[in-house]
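Each chain, letter by letter, is given below.
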Amino acid sequence: MENKITLLVVGRTGNGVTSVVYSARSGSNVIEEKSISVGEDERRVADHEFPEFRVIITQDITIIDGSGIGDCEIDSSIPDIKMRESVTKALEEVGGFDVLIFVLKYGTRFTKQEKDAVEKVKEYFGESIFRDRGIIVLSYGDNFSLDNEEGAFKEWCGSQVGEFKLLTEECENRVLLFDNRTNDEKVKSEQRQKLIETTCRIRDKFMGHYTVHDFKNQRQNYKPENSLFNQRHSSLYERNTERSCLLKVWEFIRRAVVSKTCNRIYIAIILLLIFIVLMCCLVTLNGFKL
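Note that the structure is a prediction, hence the values are computed from the model and not measured.

Q: Explain the overall build of the chain here, please?
A: For the chain, the count of helices and strands is 13 helices and 7 strands. Here the analysis covers contacts within the chain between residues at least 6 apart in sequence; of these, 79% occur between residues at least 24 apart. About 16500 Å² of surface is accessible on the chain, with carbon and sulfur atoms providing 53% of the total.

Q: Help me understand the pairing of strand β3 (residues 53-58), please; the structure alone is not making it clear to me.
A: Here is the key point about a regular strand: its side chains alternate between the two faces of the sheet. The element β3 is extensively covered by neighbouring structure, given that 6 of its 6 residues are classed as buried. Across the two faces of β3 the burial is the same, with F53, V55 and I57 and R54, I56 and T58 all buried. Pairing of strand β2 (residues 30-36) with β3 involves 6 bridges; the strand directions are antiparallel. Following the sheet pairing, S35 is matched in β3 by R54. Bridge count for β3 against strand β4 (residues 61-65) is 4 bridges, and the pairing is antiparallel. Residue I56 lies in a different strand from β4, and its bridge partner there is I63. What sits between the antiparallel neighbours β3 and β4 is a turn of 2 residues.

Q: When you look at a nonpolar patch on the surface in this model, what are you seeing that I'm missing?
A: On the surface, a cluster of nonpolar side chains totalling about 370 Å² of accessible area is made up of I267, L271, I274 and L278. Looking at the element boundaries, I274 is found in helix α13 (residues 264-286).

Q: Before we go on, may I ask you to explain the packing of aromatic side chains in this structure?
A: In total, this model carries 12 aromatic pairs according to the counting rule given. An angle of 75 degrees between the planes, with centres 5.3 Å apart, marks the rings of Y106 and F144 as edge-to-face. Placement of the pair is Y106 in the loop between β5 (99-105) and α5 (112-125) and F144 in helix α7 (residues 141-147), with a sequence separation of 38 residues. Accessibility classification places Y106 together with F144 in one group, the buried group. Taking the centre distance of 5.9 Å and the plane angle of 55 degrees together, the rings of W156 and F164 count as tilted.

Q: Looking at this model, I keep getting lost on the sheet that holds β2. Mind explaining?
A: Within a beta sheet, neighbouring strands are joined by backbone hydrogen bonds and run either parallel or antiparallel to one another. The strand order across the open sheet formed by 7 strands is β2-β3-β4-β1-β5-β6-β7, and the pairing between neighbours is mixed. Each of the sheet's edge strands pairs with one partner strand only, and the pair in question is β2 and β7 (175-177). Across the sheet, the mean angle from the axis of one strand to that of its neighbour is 20 degrees, orientation sign disregarded. In the sheet, strand β6 (residues 134-139) pairs with β7 via 3 bridges, with the strands oriented parallel. Residue pairing across strands places L138 opposite L177, the latter belonging to β7. Along the sheet face, helix α10 (residues 185-206) touches β1 (5-11), β3, β4, β5, β6 and β7 and points at about 110 degrees away from the line of β1.

Q: What's the story with the environment of F102 in this structure? I'm lost.
A: Tracing the chain through its elements places F102 in strand β5. Residue class for F102 comes out buried when judged on its relative accessible area of 0%. Ignoring sequence-local partners within four residues, the contact set of F102 consists of V10, E114, A117, V118, V121, F130, I135, I136, V137 and L167.

Q: How should I be thinking about the nonpolar core in this particular structure?
A: A general feature of soluble globular proteins is that nonpolar side chains tend to end up buried together. Counting residues in each nonpolar core, the largest one holds 39 residues, and the members touching the most others are I69, L100, F102, F125, F130 and L138. Not counting residues up to four positions away in its chain, the partners in contact with F130 are L100, F102, V118, V121, K122, L167, E170, C171 and R174. Listed in part, the 21 residues of the second largest apolar core include V20, V99, V103 and I135.

Q: Would you mind going over the environment of T62 with me for this structure?
A: Here T62 lies in strand β4. Separated by 56 residues in the primary sequence, T62 and T6 place their C-alpha atoms 4.6 Å from one another.

Q: What should I look at first to understand the pattern of salt bridges in this one?
A: Opposite charge on two side chains permits them to pair, given that their charged atoms come into close proximity. Applying the stated rule across the entire model yields 18 salt bridges. For R54, the salt bridge identified is with D65, shortest N-O distance 2.8 Å. Note that R54 is positioned in strand β3 and D65 in strand β4, a separation of 11 residues in sequence. Among the residues examined, D65 registers a relative accessible area of 5% and is labelled buried. Beyond isolated ion pairs, a larger network of salt bridges with shared partners links R25, E33, R54 and D65.

What counts and how
- Residues numbered from 1 in each chain as written.
- Predicted model: local features only at pLDDT ≥ 70, side-chain atom pairs only at ≥ 80, totals over all residues.
- Heavy atoms only, no water.
- Helix = DSSP H or I, 4+ residues; strand = E, 2+ residues; numbered from the N terminus.
- Contact = heavy atoms within 4.5 Å.
- Areas by Shrake-Rupley, 256 points an atom, 1.4 Å probe, with all protein chains shown as cover.
- Buried < 20%, exposed > 50% of the residue type's maximum accessible area, 1.4 Å probe, protein only.
- Pairing = 2+ DSSP bridges.
- Patch = residues over 30% accessible without salt bridge, like charges linked within 9 Å, V, L, I, M, F, W, Y side chains within 5 Å.
- Salt bridge = Lys/Arg side-chain N within 4 Å of Asp/Glu carboxyl O.
- Phe/Tyr/Trp six-rings, centres within 6.5 Å; stacked < 30°, edge-to-face > 60°.
- Axes fitted to C-alpha atoms, helices over the stretch in contact; angles between N-to-C directions.
- Core = buried A, V, L, I, M, F, W, Y, C linked by side-chain atoms within 4.5 Å.

In structure tokens, the structure reads:
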């Protein structure tokens, strides 16, 4: 089919990658389903587990279930070259993908493991993969419905802070909520349609797939220090560290002032600390960057 779209779905174990895959394929007849992996002989003699991706082909959508891509707990037990071989075979099988869907679980913190997963995905597919073709899907949307009013998802996304907000901004706010437990066919159809519409906008923008050729060429260009997410994460960490230091200094001053043992030495130390704090504030304000 000429208008068929292709999705690569990735995410850490336990975030609901497989559930999102089933939600995306719901309502469409499956034409073919197969597993993609390295050779069986190699798998039997190796000391490592090897990745095995599923490819689901339906009438209007093709899905690569990339469970394990970006999951550093799995990646650490798999030689990097073998993971890349499996990804290459999957891309060759379907000719590439239109969008990369990064699955996160609603209601959980954006941990260091999630940040590592983001960087691992970039290492494989390129620094700009989230900005160009990334869609964040939050699974367990039924929990969101319990915590928030109906129709409040967009406002909720806008109110987020920290590293999750940085990632959504990098994806140009392409964030979707999936209730992967619902039996309501209308809800399934609506969330699937939103995914297809978002994918089509990205596909029309680039007029083609992310291909095996792109995958093979990007590795030499990947530089973690150039990652916008890493740069903004570092900036956020530095600001939090500065804030923590200032709070500690203020607490020391407060205790010194109220202490009965306060004397000239304490007063001199307090004045010196106040001077240092003021200088730090000036430097922070002058050097502040978004």
